[in-house]
Amino acid sequence: MELGPVGLGAAARGRLLYGGDYNPEQWPERVWAEDVELMKRAGVNVATVGVFSWATIEPEPGAREFGWLDRVLSLLHANGIAVCLATPTASPPPWLGHRHPETLPVDFDGRRLSYGSRNQFCPSSPVYRKRSLELVTDLAARYAHHPAVVMWHVNNEYCEVCHCDVSAEHFRRWLRARHGTLDALNAAWSTAFWSQRYGDWDEVVPPRRAPYLINPAQRLDFARFSSDALLECFLAEKAVLRAANPDVPITTNFMGLDQPMDYWSLAAHEDVVSHDWYPDPSDPKSHVGTAIAYDLVRSLAGGPWALMEQAASAVSWRHRNPAKPAGQLRAQSAQAVARGADEVCFFQWRASAGGAEKFHSGMLPHAGPDTRVFREVCELGADLARLDEVVGADVRASVAFALDWESWWACRLDAHPAGDFDLLARVRDFYEPLFDLGVAVDFVRPDADLSAYALVVVPNLYLLRDATRFESFVDGGGTLLVGFFSGVVDGNDRVHPGGAPGPLRELLGLTVHEMAPVERELRCESELLGEFTADFWLDDVAPRGAEVVARAGDAPVVLRNGRAWYTATRPEPAATARLLAHLVESAGVPRALPELPSGVEAVRRGGFLFLVNHNEHPVTVIVPGGGVDLLAGAGAGAGSGQGAEAAPADEVELGRFGVAVLRQP
């Protein structure tokens, strides 16, 4: 990762950062002093300012209204609250769309979208880029050396995709750079199929609504292009900010487990990797998906990262939006710190009185400070202040999951054996048993050096160019587990000659003759795994040296070739758990604790053991060697898991949504 001269540590200065998005432009200035006093009561030490302030700073073309922002930054700084200052380029003002409709995005159906919301810009638009960089340049000139500013926040949740004619021309330039010639493009896109051969560059357009299925290689290249177009926007703003002051770290916030951009590529250019995450309070296992997201963003960061946004209670954009139960806010925030976050923030500080997100919770609710939510916000601030010695510590993992955005895009294309194939579901199939075992996980690119790991899991790599890294890993003594529908196509979405799993055939010792979704439940048997059921998928596998570990009738469903394993179906969760437990033990993978109650998360970060109870009932956790709880004195006191030294019997009592952070010898 290109960290340059700065990183999150430069902003944190040895403390956990705690706060949220602050939008003072939504409120009369007389409210600001109350905001700051309440922030201090809550333990807030950082505020993200200006994310949606373009129209306030530039109410008409060329105007600059910085006076209000001067006063806000001075007020925060005078009260010991640092500022993550945003470039407000994610939400252009109405005047830009009105005067320059060509800056507005065009969707897949050819409809030009309007202003009146947010994210209403075409990433390829020269007018948008010019206007946004002019604003960023002036913002940087004014605030790059302001003592309150400890970090820059560029744009917000990059996700824009545009199919307009301006984007089409940009797409063609990108294709020329990638493929060189039309002949090479035609070969890469397999345009001999359906008479799609291009004879002139001007004939090439972005994927748009068509009578039937669209060329999948064209769609894959357009996904790559759209990611690169957004990266260009980020890099242009970053260059302006870096030139103004090279010592202030720069970030932009990712959007959870999503695929609008190749986050491996974007993360390589960030000083701080930050992340927005909104688990569903109605999902009793949301903490597992959260752990996946946090392990992924820590891996993207290569170490500590920033939780830029979460909700204090309810969100406003699901069909039903339940509030978080008492205590869950604390447990979820501790989970972020456990998995590497050195910053815990929210959207937003004060709940909005109007607008599209007025029912999205804030750290300061509509009902004011005399509320359960605000009391929990203050208690969380006190907790985080006790965890400063955790700052900078890393999570060491012996297990890696291979994840590739290009393959993710490709496996979601049309006309596959199963239209309901879900990469994230396949990741979770293999991840959840490791979570239950207290096994730490990193995510890696398929071309990464894997030598630091004992076990590598490939839930799915539909698109795989070569298997060199996996071969070297297994040759070096590592254990590999590969899921079905992997190694199917190359980088141009062309099927590998000889069939799946393509470059992995020799390593896995098998060939897949056919890939087929199944509607029925499969009855399987195995000496290692016992009897179990499976569903969703069944490869017709021909072993070529691989040993059959499990069968469904005569069909092999789990195979191994030395230390390389393959699952040709989706075993029931209990069978997958037995398989992962076997691989963890045989590969010598360490666990945070020997045993864990259901619903309890255990993560070792540096010399600290984090225990988080995601249950709404108390549990007892056995911790060999005990330890001293850094949260001692917070919450309900000894024995509650809300702040007590571990008991002499090495038992830690965790109350409902209880948390303990143990310093161990």
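Keep in mind the model is a prediction, meaning the values are calculated, not measured. (Residues numbered from 1 in each chain as written. Predicted model: local features only at pLDDT ≥ 70, side-chain atom pairs only at ≥ 80, totals over all residues. Heavy atoms only, no water.)

Peer 1: Just checking my understanding: could you explain the overall build of the protein for this structure?
Peer 2: What the protein contains, in helices and strands, is 18 helices and 25 strands. For 665 residues, the compact-globule estimate of 2.2 N^0.38 gives 26 Å, and the protein sits close to it at 26 Å. For the protein, with 665 residues in total, the buried portion stands at 60%. Long-range pairs, those at least 24 residues apart, make up 72% of the contacts in the protein with a sequence separation of at least 6. (Helix = DSSP H or I, 4+ residues; strand = E, 2+ residues; numbered from the N terminus. Rg over C-alpha atoms; globule rule 2.2 N^0.38 Å. Buried < 20%, exposed > 50% of the residue type's maximum accessible area, 1.4 Å probe, protein only. Contact = heavy atoms within 4.5 Å.)

Peer 1: Explain the packing of aromatic side chains here, please?
Peer 2: For any pair of aromatic rings, the description consists of the separation of the ring centres together with the inter-plane angle of the planes. Within this structure, the stated rule accounts for 30 aromatic pairs. Between Phe121 and Tyr128 the ring centres are 4.2 Å apart and the planes differ by 10 degrees, which places this aromatic pair in the stacked class. By relative accessible area, which is 0% here, Phe121 ends up buried. Residue Tyr128 is classed as buried on the basis of its relative accessible area of 2%. Summarising the aromatic geometry, the rings of Phe485 and Trp537 are spaced 5.1 Å apart at their centres and angled 50 degrees between planes, so their arrangement reads as tilted. Of this pair, Phe485 sits in the loop between strand 13 (479-482) and helix 17 (505-508) while Trp537 sits in strand 15 (residues 532-543), placing them 52 residues apart in sequence. Comparing Phe485 with Trp537, the two get one shared label, buried. Aromatic ring contacts, followed pair by pair, group Phe171, Trp174, Trp189, Tyr198, Phe222 and Phe225 into a single cluster. One residue, Arg350, lies across the ring of Trp27, its end atom 5.2 Å from the ring centre. Lying over the aromatic face of Phe421, Arg426 brings its terminal NZ or CZ to 5.9 Å of the ring centre. (Phe/Tyr/Trp six-rings, centres within 6.5 Å; stacked < 30°, edge-to-face > 60°. Lys NZ or Arg CZ within 6 Å of the ring centre and 35° of its normal.)

Peer 1: Before we go on, may I ask you to explain the environment of Val150 in this structure?
Peer 2: Relative to the helices and strands, Val150 resides in strand 4 (residues 149-154). Judged by relative accessible area, Val150 falls into the buried class, the value being 5%. For Val150 and Gly381, which are 231 residues apart along the polypeptide, the C-alpha to C-alpha distance reads 19 Å. Excluding anything up to four places from it in sequence, Val150 contacts Ala11, Arg13, Ala82, Val83, Val248 and Pro249.

Peer 1: Quick question: what am I supposed to make of the sheet that holds strand 4 here?
Peer 2: Two strands in a sheet stick together by hydrogen bonds in their backbones, pointing the same way (parallel) or opposite ways (antiparallel). Across the sheet, nine strands lie side by side as 5-4-3-2-1-9-8-7-6; this open sheet has parallel pairing. Two strands bound the open sheet, and with one partner strand each, they are strand 5 (250-251) and strand 6 (253-254). On the sheet, helix 4 (residues 67-78) packs against strand 1 (17-22), strand 2 (46-49), strand 3 (82-87) and strand 4 and is oriented at approximately 170 degrees with respect to strand 2. (Pairing = 2+ DSSP bridges. Axes fitted to C-alpha atoms, helices over the stretch in contact; angles between N-to-C directions.)

Peer 1: I'm lost on a nonpolar patch on the surface in this one. Help?
Peer 2: Together, Phe193, Trp194, Tyr212 and Leu213 line one region of the surface with nonpolar side chains, adding up to about 460 Å² of accessible area. Within the secondary structure layout, Phe193 lies in the loop between helix 8 (182-188) and helix 9 (216-244). (Patch = residues over 30% accessible without salt bridge, like charges linked within 9 Å, V, L, I, M, F, W, Y side chains within 5 Å. Areas by Shrake-Rupley, 256 points an atom, 1.4 Å probe, with all protein chains shown as cover. Salt bridge = Lys/Arg side-chain N within 4 Å of Asp/Glu carboxyl O.)

Peer 1: I would appreciate a short explanation of unusual backbone geometry in the present structure.
Peer 2: With glycine set apart, most residues show a phi of negative sign, and most peptide bonds adopt trans. Here the residue pair Phe347 and Gln348 is connected by a cis peptide bond, since its omega of 0 degrees sits within 30 degrees of zero. The step from Ala500 to Pro501 runs through a cis peptide bond, and the omega angle for that step is 0 degrees. By the element assignment, Pro501 lies in the loop between strand 13 and helix 17. Backbone geometry places Trp194, a non-glycine residue, at a positive phi of 60 degrees.

Peer 1: So what exactly am I meant to see when it comes to the nonpolar core here?
Peer 2: By size, the foremost hydrophobic cluster in this structure holds 180 residues, and its most contacted members are Val49, Leu69, Leu76, Leu85, Phe401, Phe470 and Tyr566. The leading source of residues in this core is helix 11 (residues 286-301), at nine residues. (Core = buried A, V, L, I, M, F, W, Y, C linked by side-chain atoms within 4.5 Å.)

Peer 1: How should I be thinking about the pattern of salt bridges in this particular structure?
Peer 2: Two side chains carrying opposite charge are able to pair once their charged atoms lie near each other. As enumerated under the stated definition, the model contains 38 salt bridges in all. We note a salt bridge from Arg64 to Asp138, for which the minimum N-O separation is 2.8 Å. Highlighted residues: Arg64 in the loop between helix 3 (54-57) and helix 4 and Asp138 in helix 6 (residues 126-143), separated in sequence by 74 residues. Overall, Asp138 belongs to the partly exposed group, its relative accessible area being 31%. In this structure, Asp535 and Arg570 form a salt bridge, with 2.7 Å as the shortest nitrogen-oxygen distance.

Peer 1: Sorry if this is basic, but what is going on with the environment of Gly43 here?
Peer 2: Topologically, Gly43 is positioned in the loop between helix 2 (30-42) and strand 2. In this structure Gly43 comes out as partly exposed when scored by relative accessible area, which is 32%.

Peer 1: For this particular structure, what's the right way to read the side chain of Thr511?
Peer 2: Structurally, Thr511 is set in strand 14 (residues 510-524). A relative accessible area of 14% means that Thr511 is categorised as buried. Apart from residues lying up to four places away in sequence, Thr511 is in contact with Gly498, Ala500, Pro501, Arg505, Asp540, Val541, Ala542 and Arg544.

Peer 1: What is the right way to look at the state of the cysteines in this model?
Peer 2: When the sulfur atoms of two cysteines share a covalent bond, that bond is a disulfide. All told, the structure shown has zero disulfides when counted by the stated rule. Left unpaired, Cys159 is separated from the closest cysteine sulfur, that of Cys233, by 12 Å. Owing to a relative accessible area of 29%, Cys159 belongs among the partly exposed residues under this scheme. A disulfide-free cysteine, Cys164 has its sulfur positioned 3.4 Å from the sulfur of Cys162, the nearest such atom. (Disulfide = S-S within 2.5 Å.)

Peer 1: Sorry if this is basic, but what is going on with the pairing of strand 13 here?
Peer 2: Successive side chains on a regular strand alternate, one facing one side of the sheet and the next facing the other. Along strand 13, one buried face is formed by Thr479 and Leu481 and the opposite face, lined by Leu480 and Val482, is buried too. For the segment spanning strand 12 (residues 455-458), helix 16 (residues 468-475) and strand 13, crossover handedness is right-handed. In terms of strand pairing, strand 13 meets strand 18 (residues 564-567) through three bridges, oriented parallel. Paired with Leu481 across the two strands is Trp565, which belongs to strand 18. (Right-handed = clockwise from strand over helix to strand, strands pointing away.)

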